[in-house]
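Understanding the architecture of this molecule
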Amino acid sequence: MTEWAAATTVREVVLASPRSFCAGVERAIAVVEQALDRHGAPVYVRKQIVHNTHVIDDLRRRGAVFVDELTEVPDGAVTVFSAHGVSTEVRETAATRGLPVIDATCPLVTKVHNEARRFTGQGRTVLLIGHAGHEETEGTLGEVPGGITLVQSPREAERVEVADPGRVSYLVQTTLAVDEVSGVLDVLRRRFPALTGPSSDDICYATTNRQVSLRAIADDADLVLVVGSANSSNSLRLVEVASRAGTPAHLVDDVGAVDLRWLAGARTVGVTAGASAPPHLVDQTVEALVGLGARAVRERTTSTEDVHFTLPKEKRPR
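What counts, and where the lines are drawn
- Residues numbered from 1 in each chain as written.
- Predicted model: local features only at pLDDT ≥ 70, side-chain atom pairs only at ≥ 80, totals over all residues.
- Heavy atoms only, no water.
- Helix = DSSP H or I, 4+ residues; strand = E, 2+ residues; numbered from the N terminus.
- Buried < 20%, exposed > 50% of the residue type's maximum accessible area, 1.4 Å probe, protein only.
- Contact = heavy atoms within 4.5 Å.
- Areas by Shrake-Rupley, 256 points an atom, 1.4 Å probe, with all protein chains shown as cover.
- Lys, Arg positive; Asp, Glu negative; His and termini not counted.
- Charge placed at Lys NZ, Arg CZ, Asp CG, Glu CD.
- Salt bridge = Lys/Arg side-chain N within 4 Å of Asp/Glu carboxyl O.
- Polar contact = N/O pair within 3.5 Å; in protein donor to acceptor, adjacent residues only side chain to side chain.
- Phe/Tyr/Trp six-rings, centres within 6.5 Å; stacked < 30°, edge-to-face > 60°.
- Lys NZ or Arg CZ within 6 Å of the ring centre and 35° of its normal.
- Core = buried A, V, L, I, M, F, W, Y, C linked by side-chain atoms within 4.5 Å.
- Pairing = 2+ DSSP bridges.
- Axes fitted to C-alpha atoms, helices over the stretch in contact; angles between N-to-C directions.

Quick notes on the overall build of the protein chain
Secondary structure assignment for the protein chain yields 12 helices and 12 strands. Along the first, second and third principal axes, the C-alpha set of the protein chain runs to 60 × 55 × 30 Å. Expressed as a percentage of the 318 residues in the protein chain, the buried residues total 52%. For the protein chain, the proportion of contacts with a sequence separation of at least 24, taken over those separated by at least 6, is 77%. Accessible area of the protein chain: about 13900 Å², with a carbon and sulfur share of 50%. Treating the 34 positive side-chain charges of the protein chain as one cloud and the 41 negative ones as another, the clouds have centres 3 Å apart.

Encoded structure:
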């Protein structure tokens, strides 16, 4: 009861916009949904189609089966590659087995893969700025096995060695924070003045937009709630962006994960969501804050997204 009383200090909710689903996530979810409609259950998905527990649970109830490796997929079963992409080895394994594959890789991740092949094909050393173990990073590294070096931090950038300092290129995991990448790039550019990169930014437009919109509300907020799952890279980066701005921030899977003690003394609460978090989870969070006494809900829009990705050819309407 004391915690409830302490949480009733909230008077205003500020929503960051853009937030929640991006075009790549909407496309990936649609791929699985349409595969289930067309082929029936089960449809096998290698890894999580997107990094959100609510999305995964919903698709699992509808008949999607999520597996870690293709060895878990029965012969002949419809198989979907997740939005984060896969390595060349995975593609070849699926082809060798004759699995009917639907590729839901985000087009922005495919762009990075294409750049990896182009740079290495030019005989350049490729440095990938990213996080070890992330599915997207593993897929990009596997695009040219042994031909790409992962660089995770400015410290690693200081130590990385290349065969020819005059022929070095970099790529970036699409879900990183702009500030995080800048720190690594500053070191690489100092060490390798001839460093080249992609013709356009690798960081996903949606990742950037959500970070910008969060910065716009962080200064006005006493606390920020980021709706998203713990394995969502872009959601985790939002928490870090708010924290760097000096505003306490917490990642929550849904409203049930909000600790009332966080709200004690907070008058203005900022709310946003990672690109893989369903919009209705934000709505539920706002409703709960209004129920605690918030009298005003306002939205701060920093950009408008009108990006739309077509479905892979296997899933386009006949």
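Resuming the write-up.
Here we look at the side chain of Glu-136
Checked against the element boundaries, Glu-136 lands in helix H6 (residues 135–141). Despite its burial, Glu-136 pairs with no opposite charge, the nearest such side chain being Lys-111 at 9.6 Å. Within polar-contact distance, the side chain of Glu-136 engages the backbone nitrogen of Thr-174 at 2.8 Å. When neighbours within four sequence positions are excluded, Glu-136 is seen to be in contact with His-84, Val-109, Val-172, Gln-173, Thr-174 and Thr-175.

Considerations on the packing of aromatic side chains
The tally for this structure, following the rule as stated, stands at zero aromatic pairs. Cation over ring: Arg-118 sits above Phe-119, and NZ or CZ is 4.6 Å from the ring centre.

Observations concerning the nonpolar core
Counting residues in each nonpolar core, the largest one holds 27 residues, and the members touching the most others are Val-32, Val-45, Ile-49, Val-50, Leu-59, Phe-66 and Val-80. Taken together, the elements giving at least two residues each to this core come down to helix H2 (23–39), strand E2 (43–46), helix H3 (53–62) and strand E3 (64–67). Broken down by element, this core gets its largest block of residues, eight residues, from H2. If sequence neighbours within four positions are ignored, Phe-66 has contacts with Val-45, Lys-47, Gln-48, Ile-49, Ile-56, Leu-59 and Arg-60. Judged by nonpolar contacts, the second largest core, of 21 residues, contains Val-13, Val-258, Leu-260 and Ala-294.

Considering the environment of Glu-299
The topology assignment puts Glu-299 in strand E12 (residues 296–301). For Glu-299, a relative accessible area of 45% puts it in the partly exposed group. Between the C-alpha atom of Glu-299 and that of Ser-17, which follows or precedes it by 282 residues, the distance is 6.8 Å. Here Glu-299 is in contact with Leu-15, Ser-17 and Arg-19, once residues within four sequence places are set aside.

Points about the environment of Pro-107
Summarising the element assignment, Pro-107 is placed in helix H5 (residues 107–121). Overall, the relative accessible area of 28% leaves Pro-107 in the partly exposed class. Each C-alpha atom of the pair Pro-107 and Ala-23 lies 9.7 Å from the other, and the pair is 84 residues apart in sequence. Not counting the four nearest positions on each side in its chain, Pro-107 is found in contact with Arg-27 and Phe-309.

A look at the side chain of Gln-211
Along the chain, Gln-211 falls in helix H9 (residues 205–218). There is a polar contact of 3.3 Å between the side chain of Gln-211 and the backbone oxygen of Leu-176. From its side chain, Gln-211 meets the backbone nitrogen of Val-178 in a polar contact 3.1 Å long. Setting aside anything within four residues of it in sequence, one finds Gln-211 in contact with Leu-176, Ala-177, Val-178, Arg-237, Leu-238 and Val-241.

Describing unusual backbone geometry
For the bond from Ser-17 to Pro-18, the omega torsion is 15°, close enough to zero to count as cis. In this structure, Pro-18 sits in the loop between strand E1 (12–17) and H2. Omega for the peptide link from Ala-41 to Pro-42 comes to 0°, which places this bond in the cis form. Here Pro-42 shows up in the loop between H2 and E2.

With respect to the sheet that holds strand E10 (residues 249–252)
If you walk across this open sheet you meet the five strands as E10-E9-E11-E1-E12, and the pairing is parallel. Two strands close off the open sheet at either side, each with one partner strand: E10 and E12. Strand-to-strand, the axes of this sheet are offset by a mean angle of 25°, without reference to chain direction. Strand direction decides the pairing type here: E1 and E12, joined by six bridges, are parallel. If you follow Leu-15 over to E12, its bridge partner there is Glu-299. Contacts from H9 reach E1, strand E9 (223–227), strand E11 (268–273) and E12 within the one sheet, and its direction differs from that of E1 by about 155°. Those strands touched by helix H10 (residues 233–244) are E9, E10 and E11, and its axis lies near 165° from that of E10.

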